[in-house]
Amino acid sequence: MVAVMTDVELLIGGMTCASCANRIEKKLNKLEGVTATVNYATEKAHVTFDAATAPDDLIATVEQAGYTATLPRREPAESGAEVDPVASLRHRLLVSLALSIPVVAMAMIPALQFTNWQWLSLTLAAPVVVWGAWPFHTAAWANLRHGTATMDTLVSIGTLAALGWSVYALFWGMAGMPGMKHAFELSIARSDGTGNIYLEAAAGVTTFVLAGRYFEVRAKRRAGAALRALLELGAKDVSRLRDGVEERISIDRLAVGDHFVVRPGEKIATDGVVVTGSSAVDASMITGESVPVEVAPGDAVVGATGNVGGRIIVRATRIGSDTQLAQMAKLVEDAQTGKAQAQRLADTISGIFVPIVVAISVATLGFWIGTGGSIAAAFTAAVAVLIIACPCALGLATPTALLVGTGRGAQLGILIKGPEVLESTRRVDTIVLDKTGTVTTGKMALLDVVTADGEHADDVLRIAGALEDSSEHPIAVAIAKGARERVGTLPEVETFTNIEGLGVQGVVDGHAVVVGRPRLLADWSLRLPAELDAALSAAEAKGRTAVAVGWDGVARGVLVVADAVKPTSAAAITQLRALGLTPIMLTGDNAAAARAIADQVGIETVIAEVLPQDKVDTIKRLQSEGKVVAMVGDGINDAAALAQADLGLAMGTGTDVAIEASDLTLVRGDLRAAADAIRLSRRTLRTIKGNLFWAFGYNVAAIPLAAAGLLNPMLAGAAMAFSSVFVVSNSLRLRRFRSATGEQS
């Protein structure tokens, strides 16, 4: 019997670094039937568990590890009740900064060292080290009780040791004597430790680390702004219509099947279908398209889009978490909660790094003392090792880049389902494209009008378009639409008749008109002249559909209809080639039609007339040849191939099945977004690797310098905080990513 697995997200509290996340993850994964990933940046744990495990067991396990865990609130929090997580940290930082500045200034500038200045330093520094660094101390104590160590352990040990030594030197050594001077030095000279105090190091390190933590938390909120912006797009209330009476209600009271009114300038409250009225809808916030879309009764509309035309009445079809807006937000959140392989590497490094650093610090202390150095020099070098090694930057390297990259993608209509997708984009060398709905619009369009000698194209199109306007066949709709766009108003039709499978006939402007297959015209004794017969054959050879037009006993012309190529597809193929990808068209359509479309957009390799299973087999064959394959599609028949591909990209205009099977969703339905998605993913991955290189390289290079006594602990703390700020700033550069389509969002 297969166990039923359940997914839940826990909100984790008390984490202060990636090592904390790594520890919680290990604890949860030790439970039988539980698979968990914990993300430090989002402060969430995504847990999959079977029926034998209860959510309370998960929460208890996290609490046993020294942290807090709660299930997410199901109802939206009151706006006034939301606590700004940055505020308390900012207050702690500002107070510590105000107290630390005079301490550091007096230690660095001998001219400020008045008689008994050291006692003022102690008065100012003690609150910083005790109260300012309290979050580090509590975290370190929790870690100690559970037999682990994190970078908070380093900060706590380092600052308390510096404060403790200074107190000893002031009360029991020579540092408390009136007139004591303390010159600020880059390197530590070997001297009598009882004459030196390190209050500036203790206070300075605390303030620098608090600053790094503050910028980190603020960056997490900024990086998640895209998700919050998506959630805030929706309407807060709605005018529900019941028995002809409007009632203004909260959006959460609206039910599927309810009718609601949307006036010009209002947001559409939820996904639905227009029942009454017509309007233009600005869907740019959802689709990225700046041109409003005309809607009429029967047309689907998406929640959070703006009504910029007339008054419409909409029937709700999806509400709450089922709406497109909610699904987009969920995709963004899932991507930001997941972990890439690079993140797992960073967590592993952080998990083993701290004990090693503590051991190096102890070894440094012992080495300096053992080689005849002063206790002060040995102590200072050991403290510098503890401070410089704090792997804040290592813990920030991956999550901040993921948060910013996936958030920026959401703003541009590119939804990245999970960070593991980033690894695939780097290696992809072949991109397989479905034809209909991906390279083409998926809708029939009038492409050409060929007339017999002596006939005018507009006359042929006007009369044929008028007759076809009475039919609902896709080919007829395409001809009527093309005629209306080209010649304007169409004349009235009399005695319209639809001849199943052949065409239509009727009377237009007093002419007995027939439009359809050549066989239908032959039944009316209308013979196609040589030039029209040649045009019809040429169109069919290219996989297009051609219909003949005749009236009053004479064949007048041929109308060519086909699935039109999207105007941006050729540019998209060029962009994909520039990224080093080889495009291949894969379609179930006939070879002639596929070849004609491929020639228009610049695709050389075409695989046509394939069934859905054949698409999967084609992907597998390419993979067996050593190619790393991306697949772009939009239909149900593409779903299996999208899942099989190394990287699946679904057009947001396609089916839900295709979107679920893909790794990336291109909301706009513009193929150029595929190139944008790959560029953004690759840039995000490069940013992650650059962050990891900087953070890890910084630690490796700085620890030997600190152990050699060449770094003052305060400078070590400043450098460590700068490293964190650098990583965050480097990640935030992804917010400047620009789409090649011109969409800036």
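If you check an unreviewed UniProt entry, the chain appears there as Cation-transporting P-type ATPase B from Antrihabitans stalactiti. According to the UniProt record, the Catalytic activity (unreviewed entry) comment for the chain reads "ATP + H2O = ADP + phosphate + H(+)".

Details of the overall build of the chain
Across its full length, the chain holds 26 helices and 26 strands. Here the chain holds 745 residues, and 53% of them are scored as buried. In the chain, the proportion of contacts linking residues at least 24 apart, taken out of those at least 6 apart, comes to 69%. Accessible surface, the chain: about 31,700 Å² in total, of which carbon and sulfur atoms supply 58%.

Regarding the UniProt feature "transmembrane region" (unreviewed entry) in the chain
As recorded in UniProt, the sites labelled "transmembrane region" (unreviewed entry) are residues 93-113, 119-142, 154-175, 195-215, 349-369, 375-398, 691-708 and 714-732. Segment residues 119-142 splits into 96% helix and 0% strand. End C-alpha atoms: 32 Å apart.

Some words on the nonpolar core
Counting residues in each nonpolar core, the largest one holds 35 residues, and the members touching the most others are Ile 431, Leu 433, Leu 647, Leu 649, Leu 664 and Leu 671. Examining the composition of this core, we find that six residues originate from one element, helix H25 (residues 672-707), more than from any other. The next biggest cluster of nonpolar side chains, apart from the first, holds 24 residues, and it includes Leu 124, Leu 170, Met 180 and Ala 202.

With respect to the side chain of Arg 240
Inspection of the secondary structure assignment puts Arg 240 in strand E5 (residues 237-242). Judged by relative accessible area, Arg 240 falls into the buried class, the value being 6%. Ignoring any residue separated from it by four or fewer positions in sequence, one finds Arg 240 in contact with Val 245, Glu 246, Glu 247, Ile 249, Arg 253, Leu 254, Asp 258, His 259 and Phe 260.

A closer look at the environment of Gly 164
Mapped onto the elements, Gly 164 comes out in helix H6 (residues 151-172). Here the alpha-carbon distance between Gly 164 and Ala 126, two residues 38 residues apart in the chain, equals 10.0 Å.

Some words on the side chain of Ser 239
Along the chain, the position of Ser 239 falls in strand E5. In terms of polar contacts, Ser 239 uses its side chain to reach the side chain of Arg 248, at 2.4 Å. When residues no more than four places from it in sequence are discounted, the contact partners of Ser 239 are Glu 246, Glu 247, Arg 248, His 259, Phe 260, Val 261 and Arg 263.

Section: the pairing of strand E2 (residues 34-39)
Most of E2 sits out of view: five of its six residues are buried. With six bridges connecting them, E2 and strand E3 (residues 44-49) associate as antiparallel partners. For Ala 36, the partnering residue across the bridge sits in E3 and is Val 47.

Points about the sheet that holds strand E21 (residues 554-565)
Across the sheet, six strands lie side by side as E16-E21-E20-E19-E18-E17; this open sheet has antiparallel pairing. Looking at the sheet topology across the chains shown, the edges are occupied by strand E16 (440-451) and strand E17 (493-499). Shown here is a sheet whose adjacent strand axes are inclined to one another by a mean of 20°, direction ignored. Here E16 pairs with E21 via eight bridges, running antiparallel. Paired with Val 449 across the strands is Leu 559, a residue of E21.

Details of helix H21 (residues 591-601)
Among the residues of H21, those classed as buried are Ala 593, Ala 594, Ala 596, Ile 597, Ala 598 and Val 601. Residues of H21 that are buried make contact with helix H15 (435-439), E16, E21, helix H20 (569-578), strand E22 (582-586) and strand E23 (605-607). Directly after H21, the chain includes Gly 602, whose backbone phi takes a positive value near 95°.

As for the packing of aromatic side chains
One pass over the full model with this rule turns up three aromatic pairs. Ring plane angle 25° and centroid distance 6.2 Å describe the contact between Tyr 168 and Trp 172, whose orientation is recorded as stacked. Placement of the pair is Tyr 168 and Trp 172 together in helix H6, with a separation of four residues, close to one helical turn. Residue classification places Tyr 168 among the partly exposed residues on the basis of a relative accessible area of 38%. Between Phe 171 and Trp 172, the aromatic rings sit 5.9 Å apart at their centres with planes inclined by 50°, giving tilted as the arrangement. There is no split in this pair, since Phe 171 and Trp 172 are both exposed. Across from the ring centre of Trp 131, 4.8 Å away, lies the NZ or CZ of Arg 92, which sits over that ring.

Side note on a nonpolar patch on the surface
A cluster of nonpolar side chains, contributed by Leu 94, Leu 97 and Ile 101, occupies part of the molecular surface with about 280 Å² of accessible area. Tracing the backbone shows Leu 97 in helix H3 (residues 85-108). The class of Leu 97 is partly exposed, set by a relative accessible area of 37%.

Some remarks on the environment of Ile 251
The residue Ile 251 is located in the loop between strand E6 (245-250) and strand E7 (259-262) in this model. Note: C-alpha distance between Ile 251 and Arg 240 (eleven residues apart in sequence) is 9.4 Å. Apart from the residues within four sequence positions on either side, Ile 251 is in contact with Ala 235, Lys 236, Asp 237, Val 238 and Ala 269.

Section: helix H5 (residues 134-145)
Here H5 spans 17 Å end to end across twelve residues, near enough to the 16 Å set by a 1.5 Å rise per residue. Backbone geometry just after H5 places Gly 147 at a positive phi near 70°.

Quick word on the sheet that holds strand E9 (residues 279-282)
Spatially, E10-E9-E12 is the arrangement adopted by the three strands of the open sheet, whose pairing is antiparallel. The sheet is open, and its two edges are formed by strand E10 (293-295) and strand E12 (306-307), each paired on a single side.

Notes on the pattern of salt bridges
Tallied over the entire structure, the rule returns 20 salt bridges. Between Glu 247 and Arg 253 there is a salt bridge, with its nearest N and O atoms 3.8 Å apart. Using a relative accessible area of 36% as the deciding quantity, one classes Glu 247 as partly exposed. Accessibility expressed as a relative area gives 46% for Arg 253, which makes it partly exposed. Arg 484 is the partner of Asp 469 in a salt bridge, and the nearest nitrogen-oxygen pair spans 2.7 Å. With Asp 469 in the loop between helix H16 (457-468) and helix H17 (474-487) and Arg 484 in helix H17, this pair connects stretches of sequence that are 15 residues apart. Take Arg 484: its relative accessible area is 40%, and that puts it in the partly exposed class. Several salt bridges converge on common partners, so that one network encompasses Arg 240, Arg 242, Glu 247, Arg 253 and Asp 258.

A short note on the pairing of E6
One ladder, built from six bridges, connects E5 with E6; its direction is antiparallel. When the sheet's bridge partners are listed, Arg 242 is paired in E6 with Val 245. Adjacent in sequence and paired antiparallel, E5 and E6 are bridged by two residues, among which Asp 243 carries a positive phi angle near 55°.

As for unusual backbone geometry
Non-glycine residue Asp 509 carries a positive phi angle of around 50°. Counting through the fold element by element, Asp 509 comes out in the loop between strand E18 (503-508) and strand E19 (511-516). The exposure class assigned to Asp 509 is partly exposed, which follows from its relative accessible area of 43%. Of note, the phi angle at Ser 525 is positive, near 65°, even though the residue is not glycine.

Cut-offs used in this document
Residues numbered from 1 in each chain as written. Predicted model: local features only at pLDDT ≥ 70, side-chain atom pairs only at ≥ 80, totals over all residues. Heavy atoms only, no water. UniProt positions renumbered as here; feature names shortened; annotations may be inferred. Helix = DSSP H or I, 4+ residues; strand = E, 2+ residues; numbered from the N terminus. Buried < 20%, exposed > 50% of the residue type's maximum accessible area, 1.4 Å probe, protein only. Contact = heavy atoms within 4.5 Å. Areas by Shrake-Rupley, 256 points an atom, 1.4 Å probe, with all protein chains shown as cover. Core = buried A, V, L, I, M, F, W, Y, C linked by side-chain atoms within 4.5 Å. Polar contact = N/O pair within 3.5 Å; in protein donor to acceptor, adjacent residues only side chain to side chain. Pairing = 2+ DSSP bridges. Axes fitted to C-alpha atoms, helices over the stretch in contact; angles between N-to-C directions. Phe/Tyr/Trp six-rings, centres within 6.5 Å; stacked < 30°, edge-to-face > 60°. Lys NZ or Arg CZ within 6 Å of the ring centre and 35° of its normal. Patch = residues over 30% accessible without salt bridge, like charges linked within 9 Å, V, L, I, M, F, W, Y side chains within 5 Å. Salt bridge = Lys/Arg side-chain N within 4 Å of Asp/Glu carboxyl O. Expected span 1.5 Å × (residues − 1).

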